[in-house]
Amino acid sequence: MKNSGIHFFNSSLFVVTLGFSLMACRAETYTDVTFDSSKRYSKLLIDSRINDFYANTKKMGFTTFDADGNKLKSNAGGSNLKFDYVPGLVAKALIEGAEYYQDSTFARSWFYTVEDYANNFVGSVPTTGGSLDNLNASKMYCTLYDLTDEGGAFASIADASTHSNAEKAMQNAAKGLRDANNNYAITLDMSQIAAGGWWHKSSYPNQMWCDGQYMGPALLAQLQRYGYHIGDDDWRIITRQFDITWHYLWDDDLKLLWHAFSADPTGGAASCWANPETCRSAEYWGRAAGWYFLALVDIIDLMPTDIVYEPTQSSLADYSPDCRTRLIQYLEKVADGLKARQDAASGCWYQLLKYDSTFVADSYAGKSYEPTRNYLESSATAIFIAAYLKAIRLGILSADDYLETAVKGYEGFVNQFVKLKEDGTYTLVNSCASAGLGGASNRDGSAAYYLLGSDVTRVTKYTEGKVLGAFILAAVEYERLRDLQQADTEQENEASDIEVLKNDSVAPAKTAYLLNGIPVGKGSAGRGTLVVRR
């Protein structure tokens, strides 16, 4: 493993370093926030930042509207806004929040914001498979389609073009995934074990990254509900992406996922980071593991129970031949591994999952840097929380085993990463701006890279969209859980009648059902009848 320039500091030096970090936070005039179980942090952050967030280092933001559809503010980023992974993620989280809170007046404002972004960029949905990241932004159209369909919660206020635009976007996204499967996949000549695996991007040939499984296969699973398929065996195609990545990336000793592998480890695109023998990258990056975790939850939620496809990798011989069961087996291992890595004091997770805060790097790519410690990272923490809570709500993971972990993580997130600004708005800090492997700067995937690389900036001065989108997903899941617990307590015989919270005029959608004896909120699409479109 590449670990030059890395040290483990003692506790006294850690205190000094932490002191400098807190001074920097005070210089930004942020006030710490203490978790308050009565607050709806999804709404607080959306109201504060939906007009003003960043994608890596570029200022973004959406146009905002009042509940009657009147424009309030133009997006803060102007022409920077585009159809992209980061604003697409925020839009997906926002429209799912609007779906849950559809009976509240403020949800109309959220709907208008996403509708505006989605309609303006419907022509930008890729029909080619060169980037799974960009295709991921298409997910917002699925929920938008539901909410504007006949009888949908916002059908009566939607623009006349929104429903058809959402349908067009999903159709084009399916074309993009079909092209990825046909033209940007690892071939049998390159690797028998990895054949059929989708490249992360055209610029990263024969590479599969953990985060790519949320961007590509999870999107294809979502499109199945609407009848958009790329072949006759889409669920097997989806399962194979996870079989391949699990074979290469799951570390059964540390119970963690490596970031990526290359089927061509000595090729030019991967030679700077891939181990020539194992094909893997060197480290376990938090956000990549988070997207893999959440992708499994999203797919298992939608996958039928009768799909059988035995894995071709000998390392997976002990796993179930039933696809959904096998993905649950992967999910449980990831959930257990991450539970063991949760920081006991804060409830959060580190940028580099293998290490704690004593891990420090001071040199990378031949250059010396100020000693930089491993840190509690907000976007990975938010994704883990969202995945745990959604899986518990759906009955995929046991509340007895994981609810305490999820709730501790959520409360810890608010205490660690939510800050109050002088203008009265809220912001999120301590997210990793970006990370990757190879590319023009030959990112080597070492532990030092994830702390010192030029693109892995630790964001403290603004809210980056990846943590904003992830936190909205996590917060809405937490609020669903809280609402349902309250409803179950107040109306034991009517679990579906969720009381409007009078103190902040918030009304979750009045839908609930029992799953495995546990009341859960407005539920998954489940595994019902599918429409078939080609």
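Residues numbered from 1 in each chain as written. Predicted model: local features only at pLDDT ≥ 70, side-chain atom pairs only at ≥ 80, totals over all residues. Heavy atoms only, no water.

Each helix and strand in the chain was counted, giving 16 helices and 18 strands. Here the chain holds 534 residues, and the buried ones make up 60% of them. Restricting the contact set of the chain to residue pairs at least 6 apart, pairs at least 24 apart contribute 72%. With the model as given, the accessible surface of the chain reaches about 20500 Å², and the carbon-plus-sulfur share is 46%. (Helix = DSSP H or I, 4+ residues; strand = E, 2+ residues; numbered from the N terminus. Buried < 20%, exposed > 50% of the residue type's maximum accessible area, 1.4 Å probe, protein only. Contact = heavy atoms within 4.5 Å. Areas by Shrake-Rupley, 256 points an atom, 1.4 Å probe, with all protein chains shown as cover.)

With that settled, the discussion passes to the nonpolar core. A general trend in soluble globular proteins is that nonpolar side chains are found buried together. Ranked by internal contacts, the top residues of the largest apolar core, which has 173 residues, are Y141, F261, F293, Y388 and F471. Here the element with the most residues in this core is helix α11 (residues 286-302); it accounts for 12 residues. In this view, F293 contacts L331, V334, A335, L338, F384, A387, Y388 and L397; residues no more than four positions away in its chain are not counted. (Core = buried A, V, L, I, M, F, W, Y, C linked by side-chain atoms within 4.5 Å.)

Between helix α13 (residues 378-393) and helix α14 (residues 399-417), the shortest axis-to-axis distance is 9 Å and the interhelical angle comes to 145°. In this structure, α13 meets α14 at a crossing whose hand is left-handed. Residues S378, T381, A382, I385, Y388, L389 and I392 of α13 form the contact with α14, whose own contacting residues are A399, Y402, L403, T405, A406, G409, Y410, F413 and F417. A breakdown of the residues in the contact of α13 with α14 according to their chemical character gives 12 nonpolar, four polar and no charged. (Axes fitted to C-alpha atoms, helices over the stretch in contact; angles between N-to-C directions. Left-handed = near helix turned anticlockwise from the far one by under 90°. Nonpolar A, V, L, I, M, F, W, Y, C, P; charged D, E, K, R; others polar.)

We now examine the packing of helix α9 (residues 217-224) against α11. At their nearest, the axes of α9 and α11 sit 9 Å apart, and the two run at 20° to each other. On the basis of their axis angle, the class for α9 and α11 is roughly parallel. Along this stretch, α9 crosses α11, giving a crossing that reads as left-handed. From α9, P217, A218, A221 and Q222 reach across to α11, where they touch A295, I299 and L302. (Parallel < 35°, antiparallel > 145°, perpendicular 65-115°, else oblique.)

For the rest of this paragraph, the subject is the pairing of strand β11 (residues 359-364). The sheet contact formed by β11 and strand β12 (residues 367-373) spans four bridges and is antiparallel. Along β12, the bridge assignment pairs Y364 with K367. Between the antiparallel neighbours β11 and β12 lie two residues, among them A365 with a positive phi of about 50°. (Pairing = 2+ DSSP bridges.)

What follows is about the packing of aromatic side chains. This structure, assessed with the given rule, holds 38 aromatic pairs. For the pair W246 and Y330, a centre-to-centre distance of 4.5 Å together with 15° between the ring planes defines the contact as stacked. On the criterion of sequence distance, the pair formed by W246 in helix α10 (residues 234-249) and Y330 in helix α12 (residues 323-341) is long-range, its members being 84 residues apart. The exposure class assigned to Y330 is buried, which follows from its relative accessible area of 0%. Here the aromatic rings of Y248 and F261 are separated by 3.9 Å at their centres, their planes lie at 10°, and the arrangement is stacked. Here the residue Y248 occupies a position in helix α10, and F261 occupies one in strand β10 (residues 260-262), the gap between them amounting to 13 residues. Overall, the relative accessible area of 0% leaves F261 in the buried class. The ring of F106 carries K43 above its face, with NZ or CZ at 5.0 Å from the centroid. (Phe/Tyr/Trp six-rings, centres within 6.5 Å; stacked < 30°, edge-to-face > 60°. Lys NZ or Arg CZ within 6 Å of the ring centre and 35° of its normal.)

Quick look at a negative patch on the surface now. Together, E332, D336, D400 and D401 give the surface a local cluster of negative charge. Of all the secondary structure elements, the ones that give two or more residues to the negative patch are α12 and α14. With respect to the helices, strands and loops of the structure, D336 is situated in helix α12. (Patch = residues over 30% accessible without salt bridge, like charges linked within 9 Å, V, L, I, M, F, W, Y side chains within 5 Å. Salt bridge = Lys/Arg side-chain N within 4 Å of Asp/Glu carboxyl O. Lys, Arg positive; Asp, Glu negative; His and termini not counted. Charge placed at Lys NZ, Arg CZ, Asp CG, Glu CD.)

We now examine the environment of T460. Along the polypeptide, T460 turns up in the loop between β16 (458-459) and α16 (465-490). Of the residues examined, T460 reaches a relative accessible area of 32% and is grouped as partly exposed. The spatial distance from the C-alpha of T460 to the C-alpha of C432 is 9.5 Å, given a sequence separation of 28 residues.

So, about the sheet that holds strand β13 (residues 418-420). The sheet built from three strands is open, its strands ordered β2-β13-β14 with antiparallel pairing. Strand pairing shows two members of the sheet lacking a second neighbour, β2 (31-32) and β14 (426-428), which therefore form its edges.

Residues with a pLDDT of 70 or more make up 87% of the chain, whose mean pLDDT is 90. Confidence drops under a pLDDT of 50 for residues 11-26, and excluding neighbours within four residues, the segment shows eight contacts in the predicted structure. Scored below 50 in pLDDT, residues 510-534 makes 75 contacts in the model with residues more than four places away or belonging to other chains. (pLDDT = per-residue confidence, 0-100.)

Glancing now at α10. Here α10 is 16 residues long and its end C-alpha atoms lie 23 Å apart, about the 22 Å a rise of 1.5 Å per residue gives. Of all 16 residues in α10, 14 are buried, a share of seventy percent or more. (Expected span 1.5 Å × (residues − 1).)

With that out of the way, let us pick up the side chain of H229. Within the element layout of this structure, H229 appears in the loop between α9 and α10. A residue is classified by how much of its surface remains accessible, and H229, at 9% relative accessible area, is buried. In this structure the side chain of H229 is engaged in a polar contact, spanning 2.5 Å, whose partner is the side chain of Q224. (Polar contact = N/O pair within 3.5 Å; in protein donor to acceptor, adjacent residues only side chain to side chain.)

Here the focus is the pattern of salt bridges. The tally for this structure, following the rule as stated, stands at 16 salt bridges. Two residues, R49 and D52, come together in a salt bridge whose shortest N-O distance is 3.5 Å. Among the residues examined, R49 registers a relative accessible area of 6% and is labelled buried. Salt-bridge contacts for E477 lead to R393; the nearest nitrogen and oxygen are separated by 2.8 Å. Here E477 is found in helix α16, whereas its partner R393 is found in helix α13, with 84 residues between them in sequence.

Take unusual backbone geometry next. Even without glycine at this site, N56 takes up a positive phi of about 60°. Within the element layout of this structure, N56 appears in the loop between β3 (54-55) and β4 (58-59). The backbone of N430 shows a phi angle near 65°, a positive value even though the residue is not glycine. By secondary structure assignment, the location of N430 is in the loop between β14 and β15 (431-432). Under the relative-accessibility criterion, N430 is labelled buried at 15%.

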